[in-house]
Amino acid sequence: MIVRTYEEDEITVHRVPLMLMGGLVAISLAMTASVTLGFFERTSDPVVNRAEEGTQATATRQLHFFDEADGSVRVEDAASGAEVARFGVGHGGFVRSTVRSLVHQRRIRGIGAEVPFELVEWDNGNLTLRDETTGSTLELDYFGKDNRRVFAEMLEGVK
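Analysis parameters
Residues numbered from 1 in each chain as written. Predicted model: local features only at pLDDT ≥ 70, side-chain atom pairs only at ≥ 80, totals over all residues. Heavy atoms only, no water. Helix = DSSP H or I, 4+ residues; strand = E, 2+ residues; numbered from the N terminus. Rg over C-alpha atoms; globule rule 2.2 N^0.38 Å. Buried < 20%, exposed > 50% of the residue type's maximum accessible area, 1.4 Å probe, protein only. Contact = heavy atoms within 4.5 Å. Lys, Arg positive; Asp, Glu negative; His and termini not counted. Charge placed at Lys NZ, Arg CZ, Asp CG, Glu CD. Pairing = 2+ DSSP bridges. Axes fitted to C-alpha atoms, helices over the stretch in contact; angles between N-to-C directions. Salt bridge = Lys/Arg side-chain N within 4 Å of Asp/Glu carboxyl O. Parallel < 35°, antiparallel > 145°, perpendicular 65-115°, else oblique. Nonpolar A, V, L, I, M, F, W, Y, C, P; charged D, E, K, R; others polar.

### Side note on the overall build of the protein
Across its full length, the protein holds four helices and six strands. Sequence-ordered secondary structure for the protein, helices as α and strands as β, is α-α-β-β-β-α-β-β-β-α. Taking 15 Å as the expected radius of gyration for a compact globule of 159 residues, we find that the protein reaches 25 Å, considerably beyond that expectation. Reported as C-alpha extents along the three principal axes, the dimensions of the protein are approximately 80 × 60 × 30 Å. By the burial criterion, 28% of the 159 residues in the protein qualify as buried. Expressed as a percentage of contacts within the protein between residues at least 6 apart in sequence, the contacts between residues at least 24 apart total 46%. Side-chain charges in the protein split into 17 positive and 25 negative, and the spacing between the mean points of these groups amounts to 2 Å.

### Examining the sheet that holds strand 2 (residues 73-77)
Strand order in the open sheet made by the six strands is 3-2-1-4-5-6, with antiparallel pairing throughout. Both outer strands of the open sheet, strand 3 (83-87) and strand 6 (136-139), are each paired with one neighbouring strand and no more. Pairs of neighbouring strands in the sheet enclose a mean axial angle of 25°, with direction left out of account. By the bridge criterion, four bridges tie strand 2 to strand 3 in an arrangement that is antiparallel. Paired with E76 across the bridge in strand 3 is E83. Relative to strand 6, helix 3 (residues 93-109) is tilted by about 165°, and along the sheet it contacts strand 1 (57-67), strand 2, strand 3, strand 4 (117-122), strand 5 (127-131) and strand 6. Running over the sheet, helix 4 (residues 145-152) touches strand 1, strand 3, strand 4 and strand 5 and is turned about 65° from strand 5.

### Quick notes on the pattern of salt bridges
Here the structure, examined in full by the defined rule, presents 13 salt bridges. A salt bridge links R86 to E83, with the shortest nitrogen-to-oxygen separation between them at 3.0 Å. The partner of E118 in a salt bridge is R130, with the nearest N and O atoms 2.8 Å apart. In this pair, E118 is assigned in strand 4 and R130 in strand 5, connecting sequence segments 12 residues apart. Here E118 falls in the buried class, since its relative accessible area comes to 10%. By relative accessible area, R130 is classed as partly exposed at 23%. Among the charged side chains, a salt-bridge network with shared partners connects E68, R74, E76, E83 and R86.

### Quick look at the packing of helix 3 against helix 4
Put simply, helix 3 and helix 4 touch, their axes get as near as 10 Å, and they point 75° apart. Between helix 3 and helix 4, the angle is such that the two are roughly perpendicular. From helix 3, F94, V95 and T98 reach across to helix 4, where they touch N147, V150 and F151. A breakdown of the residues in the contact of helix 3 with helix 4 according to their chemical character gives four nonpolar, two polar and no charged.

### Observations regarding the environment of E10
Within the secondary structure, E10 sits in the segment before helix 1 (15-36). In this structure E10 comes out as exposed when scored by relative accessible area, which is 70%. Taking the C-alpha atoms as reference, E10 lies 61 Å from F117; in sequence the two are 107 residues apart.

### Considering the pairing of strand 6
Here four bridges tie strand 5 to strand 6, and the two strands are oriented antiparallel to one another. Looking across to strand 6, one finds that D131 is bridged to S136.

By themselves, these are just geometric observations and shouldn't be taken as functional.
Structure (structure tokens):
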């Protein structure tokens, strides 16, 4: 049996990285406090901004989203029952994750899938997916052009 003896290693931490980390924490706390105390304006709320600017909806569509047995997601117009879009396995990841986040909020509150989601295009060009039952809204423009385009295509034929 081999027995090795180890010397006690001295663990040293350099001061510069510690000072930089401390500075980063201090700056973060100072910025948070300055917003909380009113020195800087809070991030704007799109709903409030639209109300202040008088932005109007140019197109809306009520949509139901269904997970199919084959793993695809089917999007259906709530008024007519017509299929608006279908995303096979491995496609439509943004649609899946977006709708799942809204459905999760419904499940927490014990709300079923009877009420459709509303897809709204505003006269300033922005797109919003909202759930009237929970009050949740997702501003789709924040997620990039490609992801926005997927939902914008669901409004074709409504305008």
